[in-house]
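Inside the fold
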2 protein chains.
Amino acid sequence: MNIIEIISKKRAGLRLDGEEVKWVVRGFVQGYIPDYQMSALLMAISIKGMDSDETVALTREMLESGCVFDFSGSREPVIDKHSTGGVGDKISLILLPIAIECGLRVPMISGRALGFTGGTLDKLESIPCLRTDLSPQRFEEMVGEFGGCFGAQTEELVPADKKIYALRDATATVECIPLIVASILSKKIAEGIGGVVIDVKCGAGAFIRRTDDALRLARALEEVGGEFGVRVSTVLTSMEQPLGHAVGNALEVAEAISTLQDHGPTDCIRLTHRLVSEMLLLGGIVGTRIEGKKRSIEALSSGRALDLFLKIIEAQGGVIDMKEPYFGLPKAPVVKKWLSPKSGHYDFMHPRLAGEVVRELGGGRLAVSDEIDPSVGLVIHKKKGEPVERGEPVFEVHAGSDIAAQRAVHRIEEGLVISDGPVWPHYLFL
Amino acid sequence: MNIIEIISKKRAGLRLDGEEVKWVVRGFVQGYIPDYQMSALLMAISIKGMDSDETVALTREMLESGCVFDFSGSREPVIDKHSTGGVGDKISLILLPIAIECGLRVPMISGRALGFTGGTLDKLESIPCLRTDLSPQRFEEMVGEFGGCFGAQTEELVPADKKIYALRDATATVECIPLIVASILSKKIAEGIGGVVIDVKCGAGAFIRRTDDALRLARALEEVGGEFGVRVSTVLTSMEQPLGHAVGNALEVAEAISTLQDHGPTDCIRLTHRLVSEMLLLGGIVGTRIEGKKRSIEALSSGRALDLFLKIIEAQGGVIDMKEPYFGLPKAPVVKKWLSPKSGHYDFMHPRLAGEVVRELGGGRLAVSDEIDPSVGLVIHKKKGEPVERGEPVFEVHAGSDIAAQRAVHRIEEGLVISDGPVWPHYLFL
């Protein structure tokens, strides 16, 4: 086979057959196909697309590039959750212990911050001493002992995805449905799960902005998952404003813990219960969504989910002190509050702006090798449609220095809208 | 500026402004923009296109990446010829001395073999001891002394094109009109010429296969050339069968010398006279094509062009012995003739097949670092439509070994068509 002919074929909009896809993925992982040829092919795929057979072949090859877990011996249903990524999305942290308390096993492997969106792994690593680089053996032990854990994609797990993802991130080929499908599903199938609920985020603060694209992605995920015997259930949710109030690693972990204490933001709670109920339905633990939601609420309000969360974190080496402010998580030296100069209704702050400001504060990466400052971020006190009083704090910036804080405040001020008249709130579910 | 935003913009089919094009070309030449990002951008350009302003900006930046010759002091008009590339195209070798004998200066800088097509430089270098890597000073001296010479693209001349071209060749982004235009014109404008005649090859054995694409390319070349004050005249010619009979480096040089001795193949002679007459018209030396053709024929049949060719080759260090068979050029150890098993009319051999067989014999490159065997190649005795007698030789393979010859014969046999009924010949000019 010849890589140039394969690139030409896709450039012309033709189908690649299974053998060609296999050869490309192997060649790239083994280093025979250099980055520059792979990125040309990824761009051609991004523009010309891939059909369902091609996507299945790509998913299979990526999956087979690494090791695969096997939880088929588990008495409990093994179900995971995945989000396609948004701003302020800390749901995995809240949901994992709840879902386990409701009777599932959740071998969750999460990713890092990408572009303007955060990553569950980076959030978790703001917890002092926490380890996410579990060996496959330790990962399986954790799932056996606690019903689940927070793992990282290691060298063993879907190395093809890791390598392809890094290249996509650097070449504007992230937003491509078949590539998204193969990337998500290869990792989830490798977890050895029976099913997965996927939160397909759609809107200004997501990689997918249009509802029809989100629907296409959801259908492709369900269809391709089915080919591998993994039940995929999708939930389309709006990403027009950050989820919850906090954006930034430690701030989001603190918000997740507050939510597990049962006083979190409404949108985080609603979304968590919705996703858990889908997981329970998929695992056959409940027969209806309402019943699933009831169980999820019980697990949360009883405090059992919080207890389990703290146990899992402790088992992964993390130190959380429930008596300390911010639970002992790293705190930024500078906190700058912004007070509203007028009364009105909170209307708009572009979620991408929020994500990018946090990235610039040091809470995300501009290059793969960048270190993250876990303490920085934003707290946005208001949700779209809520009333704002003159002099009331609307948001606060947590920064490493006065200058950085000042610059962040200026950037947000420019993109912030407080309207005089009433403002319609955002719907969370599409 | 941000390379990922620029790639995204082009991926979405939007225009890049002059500053963005400049920043990308400089960043790539200086190494700030890595290959894998440039190849993603080149693929997006190949699929989404570039408008005339973008193409002018790209041409200008590529031109300005290196040194530029200045022949504005020349008494004679300075006009070059370029071909977009085909199989068996040795016209530059024949045309250059004729055009100079007719009163032009021709500072010709040629390229190497690309894909299945040959390159004038590789052909020339089959002449023992010939040097094409002339310094800018030596190049100017040669043009002053002989009226022209055969130069190679050095590090000084349009380095951006050299770097971009290598990447395009490896990423299936060669066939893209704005990139072709910028590549051709940046090099030709850098020669310091007043005008250039471009032979736009179209058909199965060219990079442009459809006539409407060839017309679009021709128009774009004329339009963009005009922006730089260089007159561009285009001739559309068919590339449905190799030009002449010989394909392969030394074999083509030998055929070019035979043509300069005035017993060459009809298509090579016709095309040469046509292109020279366009050059003379562009240089203002003649007022009509007929007059141009007359002068071209005189320069050839008088033997003056051959004398000049031999002088230029000698001045560049090359050794040609007119008394030796094949003029002392390298000869392959194995020559295998293929005899027709039946009578009929020579119908079809895909020109790409001919080019690829020669490449496999060692006459072209599969990787940039490959060495070329100048002696190997094909001689196809017949042109489409010519009668073939049973037992008559139709083609011969010149190879380095019996096995290689046998394999080449088999590949060609499979793609060769000799028809029973009459066969319509190919038109050379479109």
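No experiment lies behind these values; they were computed from the predicted model shown.

Here the focus is the sheet that holds strand β8 (residues 344–348) of chain A. All names here are of chain A. With respect to topology, three strands assemble into an open sheet ordered β10-β8-β12, the strand pairing being antiparallel. Only two strands of the sheet have a single neighbouring strand rather than two, namely β10 (387–388) and β12 (417–419). As defined by bridge partners, β8 adjoins β10 across two bridges and the pair is classed as antiparallel. The partner of His345 across the bridge, within β10, is Pro387.

Residue and element names in this part refer to chain A. In contact at an axis separation of 11 Å, helix α1 (residues 3–11) and helix α2 (residues 18–30) are set at 120° when each is read in the N-to-C sense. By the angle between their directions, the pair α1 and α2 is classed as oblique. Classified by chirality, the crossing of α2 by α1 is left-handed. Here α1 contributes Ile3, Ile6 and Lys9 to the contact with α2, which in turn contributes Glu20, Trp23 and Val24. Tallied by class, the residues present in the contact of α1 with α2 amount to four nonpolar, no polar and two charged.

A word on the relation of the copies chain A and chain B. Least-squares fitting of chain A to chain B yields an RMSD of 0.1 Å, with the superposition described by an axial translation of 0.1 Å and a rotation of 179°. The superposition operator between the copies reduces to a two-fold rotation axis. Within chain A, the C-alpha atom positioned nearest to the axis of rotation is that of Tyr36 of chain A, 1.9 Å from it. Looking at chain A, 100% of its interface residues are interface residues in chain B too, so the copies touch through the same face.

Counting residues at the interface gives 23 residues for chain A, matched by 23 residues for chain B. Across the chain A to chain B interface the summed buried area is about 1800 Å²; carbon plus sulfur atoms make up 67%. The largest contributions to the chain A side of the interface with chain B come from Arg11, Tyr36 and Ile47 of chain A, which together make up 36% of the buried area. Where chain A touches chain B, the interface holds zero salt bridges. Across the contact surface, chain A and chain B share nine residue pairs in polar contact (both at pLDDT 80 or more). When residues in the side of chain A that touches chain B are grouped by element, the largest group, ten residues, is from helix α3 (residues 35–48) of chain A. Counted by class, the side of chain A that touches chain B contains twelve nonpolar, six polar and five charged residues.

Okay, the environment of Arg274 of chain A next. Residue and element names in this part refer to chain A. Structurally, the position occupied by Arg274 is in helix α12 (residues 266–282). As a C-alpha pair, Arg274 and Val235 span 39 residues in sequence and 8.7 Å in three-dimensional space. The contacts of Arg274, once residues within four sequence positions are left out, are Val235, Arg289 and Phe429.

Okay, the pattern of salt bridges next. Residues and elements named next belong to chain A. Evaluated as defined, the whole model comprises 66 salt bridges over all chains. Across the pair Lys188 and Asp80 runs a salt bridge whose closest N-O atoms are separated by 2.6 Å. Within this pair, whereas Lys188 is found in helix α9 (residues 177–190), its partner Asp80 is found in strand β1 (residues 79–83), the two being separated by 108 residues in sequence. Since its relative accessible area comes to 0%, Asp80 is described here as buried.

Now for the side chain of Ser186 of chain B. Residue and element names in this part refer to chain B. By the element assignment, Ser186 lies in helix α9 (residues 177–190). Judged by relative accessible area, which is 0%, Ser186 ranks as buried. A polar atom in the side chain of Ser186 sits 3.2 Å from the backbone oxygen of Ser183. Non-local contacts of Ser186, meaning those with residues more than four positions away in its chain, are made with Thr59, Met62, Leu63, Val158, Asp161 and Val181.

For the rest of this paragraph, the subject is the confidence of the model for chain A. When pLDDT drops low, the exact placement of atoms in the prediction is not to be read closely. Summing up the model confidence of chain A, the mean pLDDT is 95 and the portion of residues at 70 or higher is 100%. Both confidence scores are given for the complex: pTM 0.86, ipTM 0.84.

Residue and element names in this part refer to chain B. Running from amino to carboxyl end, helix α2 (residues 18–30) crosses helix α4 (residues 52–63) at an angle of 35°, the nearest separation of the two axes being 9 Å. Considering only the axes of α2 and α4, their crossing is right-handed. Contact with α2, carried on its side by Gly18, Val21, Lys22, Val25 and Arg26, involves Ala57, Leu58, Glu61 and Met62 of α4 and no other residues of that element. For the contact of α2 with α4, the class distribution of residues is five nonpolar, one polar and three charged.

Residues and elements named next belong to chain B. On the basis of which strands lie adjacent, the open sheet formed by four strands has the order β6-β9-β11-β7 and antiparallel pairing. Edge positions in the open sheet fall to β6 (246–247) and β7 (334–339), since each of these has one partner strand only. Of the pairings in the sheet, the one linking β6 to strand β9 (residues 377–380) comprises two bridges and is antiparallel in character. Across the sheet, the residue bridging to Val247 is Leu378, located in β9.

The next point concerns unusual backbone geometry. Note on backbone geometry: most residues besides glycine have negative phi, and most peptide bonds are trans. Even without glycine at this site, Val158 of chain A takes up a positive phi of about 45°. Mapped onto the secondary structure, Val158 of chain A falls in the loop between β3 (148–152) and α8 (159–170). Its relative accessible area of 0% is what places Val158 of chain A among the buried residues. The backbone phi angle of Cys129 of chain B is positive, close to 70°, even though this residue is not glycine. Structurally, Cys129 of chain B is set in the loop between α6 (120–124) and α7 (136–146).

Cut-off values and rules
Note on numbering: residues in each chain are counted from 1, in written sequence order. Each chain gets a letter, beginning with A, and each ligand a number, beginning with 1, in the order they are written. Per-residue local features of the predicted model are confined to residues with pLDDT of at least 70, and side-chain atom pairs are confined, for both listing and counting, to 80 or more; whole-chain, interface and lining totals are unaffected and use all residues. Hydrogens and waters are ignored; side-chain quantities use all the structure's heavy atoms. Two strands pair under a simple rule: DSSP has to find at least two bridges between them. Only DSSP runs of H or I covering at least 4 residues are called helices, and only runs of E covering at least 2 are called strands; the numbering of each starts at the N terminus. For helices, the fitted line uses only the C-alpha atoms of the stretch in contact; every axis is such a line through C-alpha atoms, and the angle between N-to-C directions lies from 0 to 180 degrees. Each angle gets one of four labels, with under 35 degrees taken as roughly parallel, over 145 as roughly antiparallel, 65 to 115 as roughly perpendicular, and the rest as oblique. By the definition used in this description, the sense in which the near helix is turned from the far one sets the handedness, with an anticlockwise turn below a right angle giving left-handed and a clockwise turn giving right-handed. We call two residues in contact whenever any of their non-hydrogen atoms come within 4.5 Å of each other. Throughout this entry, Asp, Glu, Lys and Arg are counted as charged residues, while Ala, Val, Leu, Ile, Met, Phe, Trp, Tyr, Cys and Pro are counted as nonpolar. The remaining residues, Gly among them, count as polar. Least squares is used to superpose the copies, and the fit set is the C-alpha atoms of residues whose pLDDT is at least 70 in both copies. By buried area we mean the combined loss of accessible area, with a 1.4 Å probe, across both parts when two parts are placed together. Each reported salt bridge corresponds to a side-chain nitrogen of Lys or Arg within 4 Å of a carboxyl oxygen of Asp or Glu. Polar contact is defined as a pair of N or O atoms within 3.5 Å, subject to the rule that within protein one atom must be able to donate a hydrogen and the other to accept it, and that residues adjacent in sequence are counted only when both atoms are side-chain atoms. Relative accessibility thresholds used throughout: buried, under 20% of the residue-type maximum; exposed, over 50%; partly exposed, between the two (1.4 Å probe, protein chains only). One confidence number per residue, pLDDT, is output by the predictor and ranges from 0 to 100.

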